Amino acid sequence: MSILKITLYAVAALALSRAAFAQATLSVTPAYSFITDEAPHGAFSLKNEGTEHLEVVVSAKFGVIEADPEGRSTHVTLGSAGSLGNLADNLTYFPQRLILEPGTERVVRYMATGDESGGHIALMHFQMRERAAVALDEIPEVATALSIVYNLVAPVVLIGSQGVAHVRAEVLEVSDDVLALLLSNDSPFPFVGGVTVRGADGSPLGRAESAVYTRRRLDIALSGLTTDGPYTLEFDNRYRGLSESMRTRLAVPDPIAL
């Protein structure tokens, strides 16, 4: 099962005579969720694996996790998601705020409403505030201001009908052991599955998995001797955590010759 995890470090200001240090770690399971109109609900499990109390504020926002056009970095884009629809306005969830003591676990449940076709996405934001431990001899006015806030983001994707992603591929770089691709999708259905690279003789050279909503960089480890091409990309819908019923809704794109 996929787990999204972040470790928070809060360090007191350098002006203090003695820095106070605290650590908190939050894990969210699963790291993503795909649902259908037949079962438009699910849950995230939040666990505080650190040593400090965490305050978590939950929200749903329309957006997408995507690579930049050059494929150099991945970031969160809010307010748009390519051709995918907005699920955030039709998503209810509870609780919206919770306190997690060290070692405790809570569940956040959600449900999508409305009759949607195609693919729609919402990014669940888990905003975490952790307050640093303060030494007794520190200045109260300074010590009480010590806090740090982080966001953990997990996509919820509703697939309301059958469809197929329109995937385009661009070679970013190729070496003896890695083929770096920029995969782009301009359809209302995400690509969720594996990409196999085959050489000129049809032999498989490597495979990697990805979820492509708009753009994603994909680095595929290559095995054996390779040439400069040509390559063929073959797609499948085998993806960690993707249910069999969801696989029937997301058709496999046609191969791409590079």
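Visitor: Please provide a residue-by-residue account of the overall build of the protein chain, values included.
Guide: Across its full length, the protein chain carries two helices and 22 strands. By residue count, 48% of the 258 residues in the protein chain fall in the buried class. Counting contacts in the protein chain only where the partners sit at least 6 residues apart, residues at least 24 apart contribute 68% of the total. Of the accessible surface of the protein chain, which amounts to about 12,600 Å², a share of 51% is contributed by carbon and sulfur atoms.

Visitor: Just give me the short version of the pairing of strand 16 (residues 178-185), but keep the residues and values in it.
Guide: A large share of strand 16 lies buried, amounting to seven of its eight residues. Sheet topology note: the strand 15 (residues 167-174)/strand 16 ladder contains seven bridges and is antiparallel. Bridge pairing in strand 16 places V174 opposite L179. Following strand 15, the chain reverses through three residues before pairing antiparallel with strand 16. As judged from the seven bridges shared by strand 16 and strand 19 (residues 215-221), these two strands associate in the antiparallel manner. Paired with L183 across the bridge in strand 19 is R216.

Visitor: Please give an account of the sheet that holds strand 17 (residues 191-198) that cites residues and values.
Guide: Judged by pairing direction, the sheet is antiparallel, and its four strands sit side by side in the order 18-17-20-22 without closing on themselves. Of all the strands in the sheet, just strand 18 (204-212) and strand 22 (256-257) have a single pairing partner and so form its edges. Pairing analysis gives two bridges linking strand 20 (residues 232-236) to strand 22, with the strands arranged antiparallel. Bridge pairing in strand 22 links T232 to A257.

Visitor: Tell me about the sheet that holds strand 19, and please be specific about residues and values.
Guide: Reading across the sheet, the three strands line up as 15-16-19 and stay open at both edges, with antiparallel pairing between neighbours. Sheet topology places strand 15 and strand 19 at the edges, where each strand pairs with a single neighbour. The average undirected angle you get between the axes of adjacent strands in this sheet is 25°.

Visitor: Summarise the pattern of salt bridges; cite the residues concerned and give the values.
Guide: Taken as a whole and assessed by the stated rule, the structure comprises 13 salt bridges. Residues E173 and R217 are paired through a salt bridge, measuring 3.3 Å at the closest nitrogen-oxygen approach. Placement of the pair is E173 in strand 15 and R217 in strand 19, with a sequence separation of 44 residues. Taking relative accessible area as the criterion, E173 reaches 48% and is therefore assigned partly exposed. Here R198 and E234 are joined by a salt bridge, their closest N and O atoms 2.9 Å apart. Placement of the pair is R198 in strand 17 and E234 in strand 20, with a sequence separation of 36 residues. You can call R198 partly exposed: its relative accessible area is 24%.

Visitor: Which residues make up the packing of aromatic side chains, and what values do they have?
Guide: Taken as a whole and judged by the stated rule, the model has five aromatic pairs. Relative to Y239, the ring of Y32 has its centre 5.5 Å away and its plane inclined at 50°; by these criteria the two rings are tilted. Taken together, the positions of Y32 in the loop between strand 2 (21-29) and strand 3 (33-36) and Y239 in the loop between strand 20 and helix 2 (244-249) put the pair 207 residues apart, joining distant regions of the chain. You can call Y32 buried: its relative accessible area is 13%. Considering the side-chain rings of F44 and F126, the 5.6 Å spacing of their centres and the 70° angle between planes classify their relative orientation as edge-to-face.

Visitor: Explain the environment of S223 to me, and be specific about the residues and the numbers.
Guide: Locating S223 in the fold gives a position in the loop between strand 19 and strand 20. What makes S223 partly exposed here is its relative accessible area of 46%. C-alpha separation for the pair S223 and L205, spaced 18 residues apart in sequence, amounts to 5.4 Å.

Scoring rules and cut-offs
In this numbering scheme, every chain counts its residues from 1 along its sequence in written order. A pLDDT threshold of at least 70 governs which residues receive local features in this predicted model, and a stricter bar of 80 or more applies before side-chain atom pairs are shown or counted, although totals over entire chains, interfaces and linings include all residues. Hydrogens and waters are ignored; side-chain quantities use all the structure's heavy atoms. Numbering of helices and strands runs from the N terminus, with a helix taken as a DSSP run of H or I at least four residues long and a strand as a DSSP run of E at least two residues long. Buried residues are those whose accessible area, probed at 1.4 Å on protein chains only, stays under 20% of the maximum for their type, while exposed residues exceed 50% and partly exposed ones sit between those limits. In what follows, residue pairs with any heavy atoms lying within 4.5 Å of each other are defined as contacts. Only the protein chains shown count as cover for residues, and all accessible areas are computed by the Shrake-Rupley method using a 1.4 Å probe. For two strands to be treated as a pair, DSSP must find at least two bridges joining them. Angular values range over 0 to 180 degrees, each being the angle between N-to-C directions of two axes fitted as lines to C-alpha atoms, with helices fitted over their stretch in contact. The salt bridge definition used is simple: a Lys or Arg side-chain nitrogen within 4 Å of an Asp or Glu carboxyl oxygen. Within 6.5 Å between ring centres, the rings of Phe, Tyr and Trp (the latter by its six-membered ring) count as paired, and their orientation is classed by plane angle as stacked under 30 degrees, edge-to-face over 60, tilted in between.

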